[in-house]
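The lines below spell out each chain.
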Amino acid sequence: MSVETHDRVDVVPPEGTPSWLELSVPDPGRARAFYGTLFDWTFEDDLCLLDGLPVAAIRALGEGRGEAEWTVFFATDDCDGAAGRVSAAGGRIVLPPYEDGTRGRAAVVTDVLGARFGLWQGADLVGTRLVNGYGTFIFNELPTAERERALGFYREVFDYRPSRHSDVGDLVRPDGHTVASIVVPHLLEEPPEPAGEETERYLAEMKGSVDLPPLDAWVTYFAVEDVHEVLRHLTGLGGWTHPQGPQELPWGCLASARDPLGAAFHLVEPWDLI
């Protein structure tokens, strides 16, 4: 796979930028076989490489430690300080700040809604070295029914600025760059009346709908050249996707997917790579 169209990351990204990905699974060998074929990744220890550069990690999930999942890590120049802000804003510390060898200092936390994410203070490993190209992540999104509450949390932790558009949940760095979004799936935007038990029941039903990505969980978009072709490989490798197939959107062709171990992610064939 050519990486000429990718953005190469050689320095630690600014505070609050999604900068690293880790997949926790009970069977790392099976995950490597799947993603190696899907994205042309190679592997060195727990690192996933594209053109010899780290783009993610796959690590073993201990017995009884939850479900397989992708975790996005946000860049910080002070992991301990960021973890303190998470706690102060109502989040929870899952793994307190720790040294990941010489790669950097990290922590795993949850936000005020329970969505899991990581903090990454890069050292020898600044983070994902290739982004915004085929076989790498291109965007991250948090679907939730409580967008304003989530926005308040992340702005407190990372000092994001309000979006120029009040009706969207973009996370905007102080330099004006949008790095992620918090979105309300359209089926949740106008729950039926009256409010109360009926609304709560409606939201509970929607959270379990196969038409929606998991709520209150960060999801990563991986760019691919041909989403239909990749989906054929994905299902042949034991992964699965929504039976209705990809969606044609103004900015690209999107498909929700899970790997054979159950970890959720999105595939996107962007009309123009960002």
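Described in the following lines is the structure provided in the data block. Model, not experiment: these values are computed from the prediction.

## Here's the deal with the overall build of the protein chain
On a plain count of helices and strands, the protein chain comes out with five helices and 18 strands. Here the protein chain, with 274 residues, has 51% of them falling under the buried criterion. For the protein chain, the share of sequence-separated contacts (at least 6 apart) that also reach a separation of at least 24 residues comes to 63%. By element, 49% of the accessible surface of the protein chain is carried by carbon and sulfur atoms, the whole surface being about 13000 Å².

## With respect to the sheet that holds strand β3 (residues 42-44)
Read from one edge to the other, the open sheet built from eight strands follows the order β3-β4-β5-β2-β6-β9-β8-β7, with strand pairing classed as mixed. For this open sheet the edge positions go to β3 and β7 (92-100), each flanked by a neighbour on one side alone. Within the sheet, the average angular offset between the axes of one strand and its neighbour, ignoring direction, is 30 degrees. Bridge count for β3 against strand β4 (residues 47-50) is three bridges, and the pairing is antiparallel.

## Examining the layout of surface pockets
When its volume is computed, the second largest pocket comes out at roughly 420 Å³. Along the wall of the second largest pocket there are 19 residues; nearest its centre are Glu67, Ala68, Glu69, Pro214 and Ala217. Contributing elements (two or more residues each) for the lining of the second largest pocket: β6 (69-75) and β7. Of the residues assigned to the lining of the second largest pocket, the class counts are 10 nonpolar, three polar and six charged.

## Brief notes about unusual backbone geometry
The phi torsion at Asp40 lies on the positive side, around 65 degrees, for a residue other than glycine. With respect to the element layout, Asp40 can be found in the loop between α1 (28-39) and β3. Look at Asp40 and you get partly exposed, because its relative accessible area is 41%. With a phi angle near 55 degrees, Asp51 is a residue other than glycine that sits in the positive phi range. Tracing the chain through its elements places Asp51 in the loop between β4 and β5 (53-60).

## Some thoughts on the packing of helix α2 (residues 79-88) against helix α3 (residues 147-158)
For the pair α2 and α3, interaxial distance at closest approach is 9 Å and the crossing angle is 150 degrees. With respect to α3, the axis of α2 lies roughly antiparallel. In this structure, the crossing between α2 and α3 has a hand that is right-handed. Between α2, through Ala82, Arg85, Val86 and Ala88, and α3, the contact on the second element is made entirely by Phe153, Glu156 and Val157.

## Observations regarding α1
For an α-helix the count is 3.6 residues per turn, leaving residues at separations of three or four pointing the same way. An ideal rise of 1.5 Å per residue puts 16 Å on 12 residues; α1 measures up with 16 Å between its terminal C-alpha atoms. Along α1, the positions that sit buried rather than exposed are Pro28, Ala31, Phe34, Tyr35, Gly36, Leu38 and Phe39. Phi turns positive one or two residues past the end of α1, at Asp40, with a value near 65 degrees.

## As for the pairing of strand β18 (residues 264-270)
Across the seven residues that make up β18, a large majority, six, are buried. In the sheet, strand β14 (residues 219-223) pairs with β18 via three bridges, with the strands oriented parallel. Within β18, the position partnered with Ala223 by the bridge is Val268. Relative to β18, strand β17 (residues 252-258) runs antiparallel, the two being bridged by seven bridges. For Ala255, the partnering residue across the bridge sits in β18 and is Leu267. Where β17 folds back on β18, the antiparallel hairpin that results is connected by five residues, among which Gly262 adopts a positive phi of roughly 100 degrees.

Rules and cut-offs
Residues numbered from 1 in each chain as written. Predicted model: local features only at pLDDT ≥ 70, side-chain atom pairs only at ≥ 80, totals over all residues. Heavy atoms only, no water. Helix = DSSP H or I, 4+ residues; strand = E, 2+ residues; numbered from the N terminus. Buried < 20%, exposed > 50% of the residue type's maximum accessible area, 1.4 Å probe, protein only. Contact = heavy atoms within 4.5 Å. Areas by Shrake-Rupley, 256 points an atom, 1.4 Å probe, with all protein chains shown as cover. Pairing = 2+ DSSP bridges. Axes fitted to C-alpha atoms, helices over the stretch in contact; angles between N-to-C directions. 1 Å grid on protein atoms, 1.4 Å probe; cavity = no way out; pocket = protein on both sides within 12 Å on 5 of 7 lines; lining within 4 Å. Points joined across faces, edges and corners; volume = space filled by probe spheres on them. Nonpolar A, V, L, I, M, F, W, Y, C, P; charged D, E, K, R; others polar. Parallel < 35°, antiparallel > 145°, perpendicular 65-115°, else oblique. Left-handed = near helix turned anticlockwise from the far one by under 90°. Expected span 1.5 Å × (residues − 1).

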